[in-house]
Amino acid sequence: MKKIISLLIMFAVVFTLVNFVGAQSIMPLIVAPARQELEIAPGEKSAINIRFYNSGELPVSGILRVADFVVQDKEGTPVIIDNPSLSSPKYSGASWFSIPYDRITIPATDKDTVQASIAVPGTARPGGRYVAVYFEPGPEVPKPVGGDQEAGTGVGSRIAALVYLKVAGVTNEKALLSRFFARTFFEYGPIEVESQILNRGDYHIRPRGVITMSNVFGAPVDQIKLKEENIFPDAVRNFENKLGKKWMVGKYKLNFTASYGEKGQVLEAFTYVWVFPWRVALVVILIIVIIILMVNSLYKNIIVKETT
């Protein structure tokens, strides 16, 4: 019994230490503002402030970097481009940013404010530039070791402030509703609808729209708003929605309408679906047939008895 109790105590201590170490490895950092949008004319300069908060009880050290970012998936996840040579010249703007230092230590329960200066070249093409100013925590402030190398390993997760920079001027606004789909037949509601918007313009857009469901007589049955999401240039965004209730019968029209951009351009599409709970209907029909047969049988028996 003593051995069992000792083993239990040992496991409890190990479990506690593992949880403590895991909790300590999570950097309690917050960046504000997480996103900034600004417009600058070619040849002009500006600056932004970014605050990194350390809500933990220990100081956090690391490096500061500026890099371009892109959105490649259909969920809008930003991906930082570490290698500048891989950035698209059309949307790259990291080289226009400068920060006063590249190594910081943020004291416990304190913050560090970084001012990033921006100088837009006079030859810059109008449109969007997408830049991340990020802090990458490490076990200690990295120190130069020869050339450009830096000491220190075990780098943790990055925390970034995203900057949506628009170079002023005439830009191309173009988006396509690349997918608007629902299955043709449903046994039960609600109706699942998939939409996909592709941005072919020079700047990110944030479409506003609705999907409306109406019956065969044109009367509205249900309506849902699209979630407002940024769609970056050369990227797509998926939307999944459900309309209607469980019990529906008949033919329904689904209509998609959304507007985007400064000029309020419109995206439209429609499709039709059928809803019919055929299994329930089959059961109901069988029950009705059985009832008719039973009534008919009883009626014949009563008539036969009365005539004999």
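Position numbers for residues start from 1 in each chain and track the written sequence from start to end. At least 70 in pLDDT is required for a residue's local features to be given in this predicted model, at least 80 for side-chain atom pairs to be given and counted, and no such filter applies to totals for whole chains, interfaces and linings, which use all residues. By convention in this description, side-chain values take in all heavy atoms of the structure and omit both hydrogens and water.

**Focus on the sheet that holds strand S11 (residues 175–181)**
Link 1 in the chain: The three strands are arranged S11-S13-S16 in an open sheet whose pairing can be described as antiparallel. The open sheet has two free edges, formed respectively by S11 and strand S16 (236–243), since each of these has just one partner strand. Neighbour-to-neighbour, the strand axes of this sheet turn through a mean angle of 20°, independent of strand direction.
Link 2 in the chain: The criterion for strand pairing is that DSSP finds at least two bridges linking the strands in question. Only DSSP runs of H or I reaching four residues or more are called helices, and only runs of E reaching two or more are called strands; each is numbered from the N terminus. In terms of strand pairing, S11 meets strand S13 (residues 191–199) through six bridges, oriented antiparallel. Its bridge partner being in S13, arginine 179 is matched across the sheet by glutamine 196. Inter-axis angles, ranging from 0 to 180 degrees, are taken between N-to-C directions of lines fitted to C-alpha atoms, where helices are fitted over the stretch in contact.

**Quick word on the side chain of asparagine 241**
Link 1 in the chain: With respect to the helices and strands, the residue asparagine 241 is situated in strand S16.
Link 2 in the chain: Residue asparagine 241 is classed as buried on the basis of its relative accessible area, which comes to 12%.
Link 3 in the chain: Two residues qualify as a contact provided that any one of their heavy atoms is within 4.5 Å of a heavy atom in the partner residue. Those residues in contact with asparagine 241 that sit more than four places away from it in its chain are Ile191, Glu192, Val193, Ile211, Ile224, Lys225 and Leu226. Only protein chains enter the accessibility calculation, which uses a 1.4 Å probe; a residue whose area is less than 20% of its type maximum is buried, one above 50% is exposed, and one in between is partly exposed.

**Some points on the packing of aromatic side chains**
Link 1 in the chain: Here is the rule: rings of Phe, Tyr and Trp (six-membered ring for Trp) pair when centre to centre is within 6.5 Å. Planes less than 30 degrees apart are stacked, more than 60 are edge-to-face, and the remainder are tilted. Under the defined criterion, the tally for this structure stands at eleven aromatic pairs.
Link 2 in the chain: Residues tyrosine 130 and tyrosine 164 carry aromatic rings whose centres are separated by 5.9 Å and whose planes lie at 65° to one another, so their mutual orientation is edge-to-face. Here the residue tyrosine 130 occupies a position in strand S9 (residues 127–138), and tyrosine 164 occupies one in strand S10 (residues 159–167), the gap between them amounting to 34 residues. A single burial state applies to tyrosine 130 and to tyrosine 164, both of which are buried.
Link 3 in the chain: On the basis of an interplanar angle of 85° and a centroid distance of 5.4 Å, the ring pair of tyrosine 188 and tryptophan 247 is categorised as edge-to-face. Here tyrosine 188, found in the loop between strand S12 (185–186) and S13, pairs with tryptophan 247, found in the loop between S16 and strand S17 (250–260); they are 59 residues apart in sequence, far enough to count as distant.
Link 4 in the chain: The class for tyrosine 188 is partly exposed, based on a relative accessible area of 30%.
Link 5 in the chain: Looking at tryptophan 247, the relative accessible area reads 49%, which means it is partly exposed.
Link 6 in the chain: Taken together, the aromatic side chains of Phe69, Tyr130, Tyr164, Tyr203 and Phe232 make up a single cluster linked through ring pairs.
Link 7 in the chain: A cation over an aromatic ring shows up here: lysine 246 above the ring of tyrosine 188, its NZ or CZ 5.6 Å from the ring centre. Note on criteria: charge over ring means Lys NZ or Arg CZ within 6 Å of the ring centre, with the direction from the centre no more than 35 degrees off the ring normal.

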